[in-house]
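Fold and contact review
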Amino acid sequence: MTNVTDPVVLADDSVISGLDYWRELPIKQQPEWPDADAVGRASAQIASFPPLVFAGEVDILRERLARAASGDAFLLQGGDCAETFAGATADQIRNRVKTILQMAVVLTYGASMPVIKMGRMAGQFAKPRSSDTETRGDVTLPAYRGDIVNGYDFTPESRRADPNRLVQGYHMAASTLNLIRAFTQGGFADLRQVHSWNKGFAANPANHQYEQLAGQIDKAVRFMEAAGADFDELKRVEFYTAHEGLLMDYERPMTRIDSRTGTPYNTSAHFIWIGERTRDLDGAHVDFLSRVRNPIGVKLGPSTTPQTMHELIEKLDPDREPGRLTFITRMGAGKIRDALPPLLEAIKAADANPLWVTDPMHGNGITTPNGYKTRRFDDVVDEVKGFFESHRAVGTHPGGIHVELTGDDVTECLGGSEMLDEASLATRYESLCDPRLNHMQSLELAFLVAEELGK
Ligand SMILES: O=C[C@H](O)[C@H](O)COP(=O)(O)O
Ligand SMILES: C=C(OP(=O)(O)O)C(=O)O
């Protein structure tokens, strides 16, 4: 593992810390901050704040992910496309946590293996965009890049990148994480509450199916309790946080040297991924994240070649450390059955064992004639099936799923057993970026994945 203490000598013979070498490299998807000094002050302030996660937790997660890579556990990653500051409310956070807990129960029961629970939460505030600008009528403004950069309102003031948002982002992440920790450590996530997580959601077929499963779990738990089992361990569940490591003016100051080991950890989340748009081998993001100890994910789109995959492994996981590297494939339903198998064949012949996760959302975006960005639930399901089929055919482990979801009853993705159609998208479309599965669609997907895992 490259260490922060490894200095880098630049062309002019000056020497910098490896952790800052990214500053010398091409970088994509950063905002145009109008005031560089203000950004420097915001980053310095963030650097002085306490870490959000602890290095020891990150190490435990790496071990858990290593088990998933070997086929002995399954990773569930879910949450908003773009978290918003206004959405960091108790109700919305609780609904998302409940939805992830419910999905995890369905998966654990179906697959009979541990499920690692991870939220795209407490830091998923920055977004890469296809275009730097957005045009409405004859007005063109900077694109919305997430609440940690600028506002969504379509006015010049709102769309101007504001460094104060970096500091606000830290505080929003801290309060979200605080509530997540309270829910998952304070008894709310106790398996004996399996029924209560289903309460408060609109009745629908997936809820009903879940209720039946919860009944069976309840019965088993009561039987074991009567037989004298001690269920104190069930009171607390491990819940990890993740986001795209995109905005360097936030990620860099959140990276600290662990006092135990003297190595750098990005303390803004347990798991950080590099997006499809910023995974250039010689770019800033890959270099920076190659130097931190967190488990790292990389999104792989349909054009990824085995050669690129090998180079990413070499750069990000030179020591082939178990649990270090996760490939999150987002190929699209129509492409996954052609694009994924060659990568899996290549990995079988290599000396690496990354964790393979499917993101069935990002390759399946469409825009409706009435202007909504959406995804068809059937395409999401089809990509998940293609993921499992490909792994079964090659003999590798399908190790997890990565979805954009919310616990709220939004209408953003088409289909599902509620059969949401184009007209209903207007009813409750709340995402500020990409469409998320609603509570029911998320549960439905979990049942489907459990079925695939059970095969
Ligand atoms: O979430 C992913 C990306 O940020 C998103 O798909 C980009 O969307 P855009 O094409 O509207 O910019
Ligand atoms: C931008 C994202 O994905 P991708 O990099 O795969 O497009 C995301 O997951 O928010």
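Remember, predicted model here, so these are calculated numbers, not experimental data.

**Digging into the overall build of the protein chain**
Of regular secondary structure, the protein chain possesses 12 helices and 16 strands. For 455 residues, the compact-globule formula gives about 23 Å, and the C-alpha radius of gyration of the protein chain, at 22 Å, lands near that figure. For the protein chain, with 455 residues in total, the buried portion stands at 58%. Counting contacts in the protein chain only where the partners sit at least 6 residues apart, residues at least 24 apart contribute 74% of the total. Surface exposure of the protein chain reaches about 18,100 Å², of which carbon and sulfur atoms provide 51%. Looking at charge distribution, the protein chain has the averaged site of its 48 positive side-chain charges lying 3 Å from that of its 64 negative ones.

**Details of the site of ligand 1**
Every residue near ligand 1 is listed here: Cys81, Lys127, Pro128, Arg129, Ser130, Arg277, His362, Lys373, Cys433 and Asp434. In the model, an oxygen atom of ligand 1 is placed 2.6 Å from a nitrogen or oxygen of the Pro128 main chain. Residue Asp434 places a side-chain N or O atom 2.6 Å away from an oxygen atom belonging to ligand 1. Comparing atom positions with the cavity grids shows ligand 1 to sit within the largest pocket.

**Some points on the layout of surface pockets**
The computed volume of the largest pocket comes to approximately 770 Å³. Forming the boundary of the largest pocket are 36 residues, of which Arg129, Ser130, Lys373, Cys433 and Asp434 lie nearest the centre. Sorting the residues of the lining of the largest pocket by element identifies strand S5 (133-136), strand S14 (365-367) and strand S15 (373-375) as the ones contributing at least two each. Of the residues belonging to the lining of the largest pocket, the class tally is 11 nonpolar, 11 polar and 14 charged. When its volume is computed, the second largest pocket comes out at roughly 620 Å³. Looking at the second largest pocket, it is lined by 22 residues, and the ones nearest its centre are Thr108, Pro114, Val115, Lys117 and Val237. Mapped by element, the contributors of at least two residues to the lining of the second largest pocket are helix H2 (55-69), helix H3 (90-111) and strand S4 (115-119). The biggest single contributor to the lining of the second largest pocket is H3, with five residues.

**Examining the nonpolar core**
Grouped together as the largest cluster of nonpolar side chains are 82 residues, with contacts concentrated most on Tyr210, Phe327, Trp356, Leu445 and Val449. Considering each element in turn, this core owes the most residues, 10 residues, to H3. In contact with Tyr210, other than residues within four places in its own chain, are Gln102, Val105, Val106, Val194, Trp197, Asn198, Leu443 and Phe447. Grouped together as the second largest cluster of nonpolar side chains are 27 residues, Val149, Leu166, Val167 and Met254 included.

**Let's talk about the site of ligand 2**
In the region of ligand 2, 13 residues are neighbours, and Arg120, Lys127, Glu276, Lys299 and Arg330 sit closest. Arg277 places a polar side-chain atom, nitrogen or oxygen, 3.1 Å from an oxygen atom of ligand 2. When ligand 2 is considered free in solution it has 290 Å² of accessible area, and contact with the protein chains removes 98% of it. The cavity that encloses ligand 2 is the largest pocket.

**Observations regarding the environment of Trp356**
Following the sequence through the fold, Trp356 ends up in strand S13 (residues 355-358). Owing to a relative accessible area of 3%, Trp356 belongs among the buried residues under this scheme. Along the primary structure Trp356 and Gly71 are separated by 285 residues, whereas in three dimensions their C-alpha atoms are 10.0 Å apart.

**Description of the UniProt feature "binding site: phosphoenolpyruvate" (unreviewed entry) in the protein chain**
Here the UniProt-annotated "binding site: phosphoenolpyruvate" (unreviewed entry) positions come out as Arg120, Glu276, Arg277, Lys299 and Arg330. Put simply, the named residues that line the largest pocket are Arg120, Glu276, Arg277, Lys299 and Arg330. Relative to the assigned elements, Arg120 resides in the loop between S4 and S5. Other than its neighbours up to four places away in sequence, Arg120 contacts Gly78, Gly79, Asp80, Cys81, Glu83, Lys127, Ala242, Trp273, His362, His402, Val403 and Glu404. Along the chain, the position of Arg277 falls in the loop between strand S10 (271-274) and helix H8 (284-290). Not counting residues within four places of it along the chain, the set of residues in contact with Arg277 comprises Lys28, Gln29, Pro128, Arg129 and Ser130.

**Considering the sheet that holds strand S11 (residues 296-300)**
In spatial order, the strands read S3-S4-S7-S10-S11-S12-S13-S16; together these eight strands close into a barrel with parallel pairing. Averaged over all neighbouring strand pairs, the angle between strand axes comes to 25°, with direction disregarded. Here strand S12 (residues 325-329) pairs with S13 via four bridges, running parallel. Along S13, the bridge assignment pairs Phe327 with Trp356. Set on the sheet, H3 makes contact with strand S3 (74-79), S4, strand S7 (239-244) and strand S16 (400-404); between it and S4 the angle comes to about 160°.

**A look at the packing of helix H9 (residues 306-316) against helix H10 (residues 336-348)**
Between H9 and H10, the least distance of the axes is 9 Å, while the angle of their chain directions is 50°. In terms of orientation, H9 and H10 fall into the oblique class. Crossing of H9 over H10 shows right-handed handedness. On H10, the residues that touch Pro306, Met309, His310 and Ile313 of H9 are Pro342, Leu343, Ala346 and Ile347.

**So, the packing of aromatic side chains**
Considering all chains together, one arrives at eight aromatic pairs under this definition. Geometrically, the ring pair formed by Tyr144 and Tyr152 is edge-to-face, given 5.3 Å between the ring centres and 90° between the ring planes. For Tyr144, a relative accessible area of 1% corresponds to the buried category. Ring geometry for Tyr372 against Tyr429: centres 5.0 Å apart, planes inclined by 40°, an arrangement best described as tilted.

Parameters at a glance
Position numbers for residues start from 1 in each chain and track the written sequence from start to end. Think of it this way: whatever chain is written first is A, whatever ligand is written first is 1, and the rest follow in order. Owing to the predicted nature of the model, reporting of local features is limited to residues with pLDDT of at least 70; listing and counting of side-chain atom pairs is limited to 80 or more, with chain, interface and lining totals taken over all residues. Excluding hydrogens and water, the side-chain values take into account all heavy atoms of the structure. For helices the rule is a DSSP run of H or I covering at least 4 residues; for strands it is a run of E covering at least 2, with both sets numbered from the N terminus onward. Taken over C-alpha atoms, the radius of gyration is set against a globule rule of 2.2 Å times the number of residues to the power 0.38. Throughout this description, buried means an accessible area under 20% of the type-specific maximum (1.4 Å probe, protein chains only), exposed means over 50%, and partly exposed covers the range between. Residue contacts are counted whenever heavy atoms from the two residues lie within 4.5 Å of one another. Under the convention used here, a 1.4 Å probe and the Shrake-Rupley method define accessible areas, while residue burial counts only the protein chains that appear. His is not counted, nor are the chain ends; Lys and Arg add positive charge and Asp and Glu add negative charge. Charged groups are reduced to one reference atom each: NZ for lysine, CZ for arginine, CG for aspartic acid, CD for glutamic acid. Residue proximity to a molecule or strand is established when one non-hydrogen atom of the residue lies within 4 Å of it. Between N or O atoms, a polar contact is any pair within 3.5 Å; within protein, one atom must be a potential hydrogen donor and the other a potential acceptor, and residues adjacent in sequence are included only when both atoms are from side chains. As defined here, a cavity is a set of points on a 1 Å grid over the protein atoms alone where a 1.4 Å probe fits but cannot get out. A pocket is an open set with protein on both sides within 12 Å along at least five of seven lines, and residues line them when an atom is within 4 Å of a point. Whether a molecule sits in a cavity or pocket is decided by its atoms, more than half of which must lie within 2 Å of the grid points. Grid points are joined across faces, edges and corners, and a volume is the space filled by probe spheres set on the points. Note on residue classes: Ala, Val, Leu, Ile, Met, Phe, Trp, Tyr, Cys and Pro are nonpolar, Asp, Glu, Lys and Arg are charged, and everything else, Gly too, is polar. Among buried residues, the Ala, Val, Leu, Ile, Met, Phe, Trp, Tyr and Cys ones that are joined through side-chain atoms within 4.5 Å form a nonpolar core. UniProt positions are given in the numbering used here, feature names are shortened, and annotations may be inferred rather than shown by experiment. Two strands qualify as a pair provided that DSSP identifies no fewer than 2 bridges between them. Axis definition: a line fitted to C-alpha atoms, limited for helices to the stretch in contact. Angles are taken between N-to-C directions and run from 0 to 180 degrees. Angular relationships are summarised with four words: roughly parallel below 35 degrees, roughly antiparallel beyond 145, roughly perpendicular across 65 to 115, and oblique for the angles in between. Take the far helix as your reference; a near helix turned counterclockwise from it by less than a right angle gives a left-handed crossing, and one turned clockwise gives a right-handed crossing. Aromatic contacts are taken between Phe, Tyr and Trp rings whose centres are within 6.5 Å, Trp giving its six-membered ring; a plane angle under 30 degrees counts as stacked, one over 60 as edge-to-face, and the others as tilted.

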